[in-house]
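# Structural features, examined
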Amino acid sequence: MDWKLWEPLIEFARKRSLWIVSFCTGCGGIEMPPLMTSRYDLERFGMMPNPAPRMADLFLITGYVTPKTLKRIIITYEMQPDPKYVIAHGSCTINGGIYWDAYNAIKRLDAYIPVDVYIAGCMPRPESVMEGINKMMEMIENGTADSWKRYKENYEWYKKNQDELFGEGWREREAKRWLPWIMDDLKRVEKEREKND
Ligand code: SF4
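The residue count restarts for each chain, going from 1 along the sequence in the order it is written. With the structure being a predicted model, the display of local features is reserved for residues of pLDDT at least 70 and the display and counting of side-chain atom pairs for 80 or more, all residues being used for whole-chain, interface and lining totals. Excluded from the side-chain calculation are hydrogens and water; included are all heavy atoms of the structure.

Basically, it comes down to this: UniProt positions are given in the numbering used here, feature names are shortened, and annotations may be inferred rather than shown by experiment.
Within an unreviewed UniProt entry, the label attached to the protein reads Membrane bound protein complex subunit mbxJ, and the organism entered is Thermococcus thioreducens. As recorded by UniProt, the Sequence similarities (unreviewed entry) comment attached to the protein reads in full: "Belongs to the complex I 20 kDa subunit family."

Laid out in structure tokens, this is it:
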């Protein structure tokens, strides 16, 4: 079967069923509740928030970014399946905003992960976010939402920037930090299961 024939239908379905993982790193996140609830009701576009990155295709980053949060942003982004899309919401996210001269603010998010749509403002109102989401949907439909491809094609460049900031081998170091905690948690779940059996 030639899947190319189905491509327009697939893209239409994809743009109308976006599951969002929202990373509310700062005050911009306060716009999310009115967006999702009855005032603006984003669900009518088939969108819904999802706490699991592995099941979300849209990554909405809504606030200032520090090296510490950037690590989580990169790890979350890499956990999402392809095709995936990124919206940078607010000046701080895009270029540090009012914190641009703070020692600990990331000034350029798109040097570390790719971005499809930028929503300027401090903080952008829900109408601007809706506009950004409409733009995202248009780009998905016409095939120009290609940040996930750019990340793969230019992975060496993104990795170089990430390593310059965090030092080489930072993923392994992060994994080692979290592994004991995950193992403890698994043991606890196992014990509870045994108790209930
Ligand atoms: S852009 Fe404004 S609203 Fe958004 S995180 Fe920065 S200071 Fe807060």
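### Examining the confidence of the model for the protein
The test is simple: Confidence scores here are pLDDT values: one per residue, from the predictor, ranging 0 to 100. Strands here are runs of E lasting at least two residues and helices are runs of H or I lasting at least four, both read from the DSSP assignment and numbered beginning at the N terminus.
With 99% of its residues at a pLDDT of at least 70, the protein reaches an overall mean of 89. Element-level mean pLDDT values for the protein span from 84 in helix α8 (residues 170-196) up to 96 in helix α7 (residues 155-166).

### With respect to the pattern of salt bridges
Stated formally: We count a salt bridge whenever a side-chain nitrogen from Lys or Arg sits within 4 Å of a carboxyl oxygen from Asp or Glu.
All chains considered together, the criterion is met by 16 salt bridges. Measuring nitrogen to oxygen at the nearest pair gives 3.3 Å for the salt bridge that ties Glu174 to Arg177. Here Arg177 and Glu174 lie together in helix α8, a separation of 3 residues that amounts to about one turn. Across the pair Arg188 and Asp185 runs a salt bridge, and its minimum N-O distance is 2.9 Å. With Arg188 and Asp185 both in helix α8 and 3 residues apart, this pair spans about one turn of that helix. One network of salt bridges, with partners in common, ties together Lys71, Arg72, Glu174 and Arg177.

### Digging into the pairing of strand β4 (residues 85-89)
Spelled out, the test is: We call a residue buried when its accessible area falls under 20% of the maximum for its residue type, exposed when it is over 50%, and partly exposed in between, using a 1.4 Å probe and counting protein chains only. Paired strands, in this sense, are two strands between which DSSP finds at least two bridges. Look down the strands so they point away from you; if the path from the first strand over the helix to the second goes clockwise, the crossover is right-handed.
Here β4 lies mainly inside the structure; 5 of its 5 residues are buried. Here β4 shows two buried faces, one formed by Tyr85, Ile87 and His89 and the other by Val86 and Ala88. Bridging between strand β3 (residues 58-61) and β4 involves 4 bridges; their strand directions are parallel. Its bridge partner lying in β4, Ile61 is registered against Ala88. In this region the chain leaves β3, passes through helix α3 (residues 67-79) and returns to the parallel neighbour β4; the handedness of that crossover is right-handed. In this structure, β4 lies alongside strand β5 (residues 117-119), joined through 3 bridges in parallel fashion. Bridging from a neighbouring strand, Ala88 pairs with Tyr118 of β5.

### Re the sheet that holds strand β1 (residues 19-23)
Short version of the rule: Only heavy atoms enter the contact rule, under which two residues are in contact if any of them lie within 4.5 Å. Structural elements are reduced to axes, namely lines fitted to C-alpha atoms, with helices fitted over the stretch in contact, and the angle between N-to-C directions of any two is expressed from 0 to 180 degrees.
In space, the 5 strands of this open sheet follow the order β2-β1-β3-β4-β5, with parallel pairing throughout. Each of the sheet's edge strands pairs with one partner strand only, and the pair in question is β2 (48-49) and β5. Of the strands in this sheet, β1, β3 and β4 touch α3, which is tilted by about 165° from β1.

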